[in-house]
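Spelled out from the first residue to the last, the chains are:
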Amino acid sequence: MQRLLAFLFAVGVTSATVFSAEPPPPVVMLKLDDLSRITPRWQRVVDFLQAEGLKANFGIINGPLEKEDPKFNAWVKDLAAKGTIEFWHHGYDAKYPHDATHKGEFEGSGYDLQRKALTRGQELAKLRFGQPYTAFGPHYSGTDADTFQALEEVPEIKVVFFYAPKPPAKTSKIIIERRMELEKPIFHPNPAFVKERYEAVGKTRDYIAIQGHADQWDDPRFADFQEAVRFLKSKGCRFVTVSEWMAERKTQ
């Protein structure tokens, strides 16, 4: 340590500079859920992000991919090729739970059904888009122990968004923590809440992952989304894809 300080002083860096420097702004992973078709609301989000020079991550519900949709497939492949949007596995079935024991597709449904949903989603991504997903996050529900067991059967998936319980000691997956919210309440982007939580929690973190539902945003909600995103951008936050974050995390 003494040698390091001596070197820093020699090049004109003082101890005050070393120990009082603010941490760099966190990177932002914008996680937008429930994509299954192109709609005007999804398209305007893409147009806005491109105009702002920002990247994002869109979660695809995979069941609808069973039916061929050349326009949607081309749209996804084009955005993925540009490197501006990364698409991730948002489950197979968009149905909501029907009873207290089956809380959702990946919570209480059992290992076999979960493994089938995960692997079929990967097969459809390869079939329609030419590549599998790197990240996973469940539609509607949380996850359970069966989810982690099933995920180990899907080596292409490296990352799990948010919902996982404490992972088993031997899991190979990286858990992205839910440190802030974009929508408060759900479906309502809340720029005032984003600003408050950024100052209280977010600015000291190395990353922020925030969730939204683009197809639920009417014009006022979309304007609130824009305000929240522009605020984070004004703070120097860099918006990244999951794969980009993983690559940077590995080098660090």
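Predicted, not measured: the structure shown is a model, and the values here were computed from it. (Residues numbered from 1 in each chain as written. Predicted model: local features only at pLDDT ≥ 70, side-chain atom pairs only at ≥ 80, totals over all residues. Heavy atoms only, no water.)

Colleague: Teacher, can you tell me more about the overall build of the protein here?
Modeller: Regarding its fold elements, the protein presents nine helices and eight strands. The buried share among the 252 residues of the protein stands at 46%. (Helix = DSSP H or I, 4+ residues; strand = E, 2+ residues; numbered from the N terminus. Buried < 20%, exposed > 50% of the residue type's maximum accessible area, 1.4 Å probe, protein only.)

Colleague: Which parts of the structure should I look at to understand the environment of Leu30?
Modeller: Positionally, Leu30 belongs in strand E1 (residues 27-35). Taking the C-alpha atoms as reference, Leu30 lies 6.4 Å from Gln211; in sequence the two are 181 residues apart. Contact partners of Leu30, with chain neighbours within four places excluded, come to Leu49, Lys55, Ala56, Asn57, Leu182, Ile210, Phe225 and Phe239. (Contact = heavy atoms within 4.5 Å.)

Colleague: Mind showing me how you'd approach the packing of helix H3 (residues 40-52) against helix H4 (residues 70-82) here?
Modeller: Relative orientation and spacing of two packed helices are given, respectively, by the angle between their axes and the distance between those axes. Their axes nearest at 13 Å, the elements H3 and H4 cross at an angle of 15°. When the axes of H3 and H4 are compared, the pair comes out roughly parallel. In this structure, H3 crosses over H4, and the sense of that crossing is left-handed. Where H3 abuts H4, its residues Trp42, Gln43, Val46 and Gln50 lie against Trp75, Leu79 and Lys82. Classifying every residue of the contact of H3 with H4 gives four nonpolar, two polar and one charged. (Axes fitted to C-alpha atoms, helices over the stretch in contact; angles between N-to-C directions. Parallel < 35°, antiparallel > 145°, perpendicular 65-115°, else oblique. Left-handed = near helix turned anticlockwise from the far one by under 90°. Nonpolar A, V, L, I, M, F, W, Y, C, P; charged D, E, K, R; others polar.)

Colleague: I keep staring at the nonpolar core and nothing clicks. Help me out?
Modeller: Buried together is how nonpolar side chains tend to be arranged in soluble globular proteins. Counting 40 residues, the largest nonpolar core has Leu49, Phe58 and Phe225 as the members making the most contacts within it. By residue number, the principal contributor to this core is helix H8 (residues 219-234), which donates six residues. Residues Val159, Phe161, Ile174 and Ile176 belong to the second largest nonpolar core, which totals 15 residues. (Core = buried A, V, L, I, M, F, W, Y, C linked by side-chain atoms within 4.5 Å.)

Colleague: I'm lost on the pattern of salt bridges in this one. Help?
Modeller: For side chains of opposite charge, pairing can occur when their charged atoms come near one another. According to the stated counting rule, one finds 18 salt bridges in the structure shown. Its salt-bridge partner being Lys233, residue Glu52 comes within 2.9 Å of it at the nearest N-O pair. On the criterion of sequence distance, the pair formed by Glu52 in helix H3 and Lys233 in helix H8 is long-range, its members being 181 residues apart. On the accessibility criterion, Glu52 (17% relative accessible area) is buried. With its nearest N and O atoms 3.0 Å apart, the salt bridge here joins Asp206 to Arg179. With Asp206 in the loop between helix H7 (191-200) and strand E7 (207-212) and Arg179 in the loop between strand E6 (174-176) and H7, this pair connects stretches of sequence that are 27 residues apart. Overall, the relative accessible area of 52% leaves Asp206 in the exposed class. Each member of the salt-bridge network shares a partner with another, and the members are Lys55, Arg238, Glu244 and Glu248. (Salt bridge = Lys/Arg side-chain N within 4 Å of Asp/Glu carboxyl O.)

Colleague: What is the right way to read helix H9 (residues 242-251) from this model?
Modeller: Since the α-helix advances by 3.6 residues per turn, residues separated by three or four positions end up pointing in the same direction. The complete set of buried residues in H9 reads Val242, Trp245 and Met246. Buried residues along H9 cover an arc of 100° about the axis, so they all sit on one side. (Arc of directions from axis to C-beta.)

Colleague: Got a minute to help me understand unusual backbone geometry in this structure?
Modeller: Across residues other than glycine, the phi torsion is negative in most instances, and most of the peptide bonds are trans. Across the junction of Lys184 and Pro185, the peptide omega takes the value 5°, indicating a cis bond. Here Pro185 lies in the loop between E6 and H7. Non-glycine residue Phe187 carries a positive phi angle of around 80°. Within the secondary structure layout, Phe187 lies in the loop between E6 and H7. Among the residues examined, Phe187 registers a relative accessible area of 27% and is labelled partly exposed.

Colleague: Looking at this structure, I do not really get H8. What am I missing?
Modeller: With 16 residues, H8 should reach 22 Å at 1.5 Å per residue; the first-to-last C-alpha distance of 22 Å fits that figure. For H8, the full list of buried residues reads Phe222, Phe225, Gln226, Ala228, Val229, Phe231 and Leu232. Elements that come into contact with the buried residues of H8 comprise E1, H3, H7, E7 and strand E8 (238-239). Its side-chain oxygen at 3.0 Å from the backbone nitrogen of Arg221, Asp218 defines the N-terminal cap of H8. (Expected span 1.5 Å × (residues − 1). Polar contact = N/O pair within 3.5 Å; in protein donor to acceptor, adjacent residues only side chain to side chain.)

Colleague: Help me understand the pairing of strand E2 (residues 56-60) in this model?
Modeller: Where a strand is regular, its side chains alternate between the two sheet faces. Most of E2 sits out of view: five of its five residues are buried. A two-sided burial pattern is seen for E2, the buried positions comprising Ala56, Phe58 and Ile60 on one face and Asn57 and Gly59 on the other. Crossover E1 to E2 through H3 is right-handed. Here E2 runs beside strand E3 (residues 85-89); their pairing, made up of five bridges, is parallel. Paired with Ala56 across the two strands is Ile85, which belongs to E3. Crossover handedness for the path E2 to H4 to E3: right-handed. (Right-handed = clockwise from strand over helix to strand, strands pointing away. Pairing = 2+ DSSP bridges.)

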